[in-house]
Amino acid sequence: MEFPEEVLAHIFSYLSVKERDSASAVCRRWSQSMSHPRVWRYTEIRCETGEQEDPALQHFSSLLPLVRHLKITVSSLSDPANRSAALSVLRLATSGPLRTLTLSCSGGVPLFYSGHDLEEGLEAALTAAPEHVGGAFLSHLDLRGVPFTLSQSLVRALARQSPNLRSLLVNNQTLVCKVEPEAVVEVLGLCPLLNTLGLFYTSLSQKVVDELLLPQRCPLLAMELYCERFAKYIPPLEDSVWAGLKHRHPGLKVSLILDHTLPMDHFSSVLQPSVPLQHLELLTFTDLVQQTHLVTQSYSHALETIILQTTSSPELDSALHSLAAACSLLREVHCYCVVSCDVIRAFKDCCPLLWRYTLKTRKEPHPWRCTVIK
C-alpha cells in the first residue's frame, strides 16, 4: 500500500481492461491510481463479449482518451455487437491525441460480409469534426489484420486527416486490392514523413517509385509487399528500379509475401536481385528448389527470415543446405515440409544469429511448433 502511484500505474498497465476493472474495485487508492495516464498509454482491447456495452469499457469510457497506443481486436465478426463495441472504443480513443492504432479481427468472416460498417466507422472516427481530435496526431496505422477489402477512398481520407503518418500498413492479404497506384502517390504527397509502407504489389508503379525517389522525401526504412494473383497483370518493377530505390534509401529493408495464387512463372520477375530483401515468404505448397537457389544467389547479404511452404525432396534438402551456408544473417527459418537432419545441422552451424526455426524430420500434427534456440 506504500507503492508510489507511478509504480502502481506501471503495474496496472499490464492488465487487460477487464482486469483493470476488477483491480479498481479493490480499494479507493487502487481506483484512483487507475486513472493515471501511464495505465492507459498502451492499451489492447478485445471486443468479444457479444455486448455492445461491455461493463468494463463503460466504467473506463472517460479514460479512453488517455490512450496513446491502441490495439483493437474484434472477435466473431458475425456478431454486430462486437463490431459496434469496437467502433465505440475507437470514437472515444480518438477524442484524445491517439498516436498509433492497430485494428485486427479474429475468428471466421461472415459470408458476404464486406466490412463496410467497420470501414465507415474507422473513417468517421479518424476524420471527425475539428473539435474532435480524430487522426490528427496519428503516426502509425496498421490494418493488416482486417479480413475485408480496403477501399482506396478510405486510405485517401485517412492520409488527408493524418499528415504526420510515419507508418501505414494496408497489406491485409485479402483476395482483392482496391488501392491503386494513384492513391499511393496521393498518400505519399499528403504524408511526407512516411518511412514504413505495407502495400499490395499491385499498388506499386513507376509513378509511386518516382515519388519515393524525390530528394525532399524522408528516408524510407521498410516496405512490406503482398503479391497475389493480380500481380501477373501488371508490369513488374525492373531490377534497375530497385537499384535506384536502394541507392536513394540505403536503409530500406523489404518484406515480400508471394501467395500461392501467383503463378510460379511470375516469381522470378518479382524477385529481382537488387531488392533489399530482409523477409521472404513463398507460400505455394509446390516445388521451390529453383526459387530457393535464386534466393541464395541474390539475397545472402541481407536475408534474415525465410518461410517456405513447399514439398519435400532431396533436391530441396540440397538447396536448403546451400541457403544455410550462404545466408549467415538468417535469424528465422520456417520450412513446412519434412527435411533431413543435415539441413537442420547446417542452419544451426552456419547461421550464428538463428534464434528460432521450424524444420521437421518427420510429419507432426498441425500446427507445427517452432524450435526456439535458447
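Below is a short write-up of the structure. (Residues numbered from 1 in each chain as written. Predicted model: local features only at pLDDT ≥ 70, side-chain atom pairs only at ≥ 80, totals over all residues. Heavy atoms only, no water.)

1. Remarks on unusual backbone geometry
Then, in step 1: For the bond from His 366 to Pro 367, the omega torsion is -5 degrees, close enough to zero to count as cis.
Then, in step 2: One can find Pro 367 in the loop between β12 (356-360) and β13 (371-372).
Then, in step 3: Its identity is not glycine, yet Ser 76 carries a phi of approximately 55 degrees, on the positive side.
Then, in step 4: Tracing the sequence through the fold places Ser 76 in the loop between β2 (69-75) and α6 (80-93).
Then, in step 5: Here the phi dihedral of Gln 173 falls at roughly 60 degrees; this positive angle occurs in a residue that is not glycine.
Then, in step 6: Mapped onto the elements of the fold, Gln 173 is located in the loop between β5 (167-169) and α9 (181-190).
Then, in step 7: Note on Gln 173: relative accessible area 43%, which makes it partly exposed. (Helix = DSSP H or I, 4+ residues; strand = E, 2+ residues; numbered from the N terminus. Buried < 20%, exposed > 50% of the residue type's maximum accessible area, 1.4 Å probe, protein only.)

2. Examining the pattern of salt bridges
Then, in step 1: Inspection of the entire model under this criterion finds 10 salt bridges.
Then, in step 2: Its salt-bridge partner being Arg 144, residue Glu 224 comes within 3.1 Å of it at the nearest N-O pair. Pair noted here: Glu 224 is in strand β7 (residues 222-227) and Arg 144 is in strand β4 (residues 140-145), with a separation of 80 residues, a long-range link.
Then, in step 3: On the basis of relative accessible area, Arg 144 is assigned to the partly exposed category, the value being 34%.
Then, in step 4: In this structure, the salt-bridge partner of Asp 342 is Arg 345, at a minimum N-O distance of 2.6 Å. Of this pair, Asp 342 and Arg 345 both sit in helix α15 (residues 341-350), separated by three residues, roughly a single helical turn.
Then, in step 5: A residue is classified by how much of its surface remains accessible, and Asp 342, at 44% relative accessible area, is partly exposed.
Then, in step 6: The network of salt bridges with shared partners includes Asp 142, Arg 144 and Glu 224. (Salt bridge = Lys/Arg side-chain N within 4 Å of Asp/Glu carboxyl O.)

3. Considering the environment of His 69
Then, in step 1: By secondary structure assignment, the location of His 69 is in strand β2.
Then, in step 2: We classify His 69 as buried; its relative accessible area is 17%.
Then, in step 3: Expressed as a C-alpha distance, the spacing of His 69 and Ser 139, which sit 70 residues apart in the sequence, is 10.0 Å.
Then, in step 4: The residues contacting His 69, other than those within four sequence positions of it, are Arg 41, Tyr 42, Thr 43, Leu 98, Arg 99 and Thr 100. (Contact = heavy atoms within 4.5 Å.)

4. Let's talk about the side chain of Thr 102
Then, in step 1: Examined against the element boundaries, Thr 102 turns out to sit in strand β3 (residues 100-106).
Then, in step 2: For Thr 102, a relative accessible area of 19% corresponds to the buried category.
Then, in step 3: Look past the residues within four positions of Thr 102 in its chain and what remains in contact with it is Leu 70, Lys 71, Ile 72, His 140 and Asp 142.

5. A closer look at helix α8 (residues 152-161)
Then, in step 1: Burial of α8 is extensive: seven of the 10 residues sit out of reach of the surface.
Then, in step 2: For α8, the full list of buried residues reads Gln 152, Leu 154, Val 155, Arg 156, Ala 157, Leu 158 and Ala 159.

6. A word on the packing of helix α13 (residues 289-299) against helix α14 (residues 314-326)
Then, in step 1: One can describe the packing of α13 onto α14 by two numbers: an axis separation of 9 Å at closest approach and a directional angle of 10 degrees. Of the possible angle classes, the one that applies to α13 and α14 is roughly parallel. Taken together, the residues of α14 that come into contact with α13 (itself represented by Val 289, Thr 292, His 293, Val 295 and Thr 296) are Glu 315, Leu 316, Ala 319, Leu 320, Ser 322, Leu 323 and Ala 326.
Then, in step 2: Of the residues that constitute the contact of α13 with α14, the class distribution is seven nonpolar, four polar and one charged. (Axes fitted to C-alpha atoms, helices over the stretch in contact; angles between N-to-C directions. Parallel < 35°, antiparallel > 145°, perpendicular 65-115°, else oblique. Nonpolar A, V, L, I, M, F, W, Y, C, P; charged D, E, K, R; others polar.)

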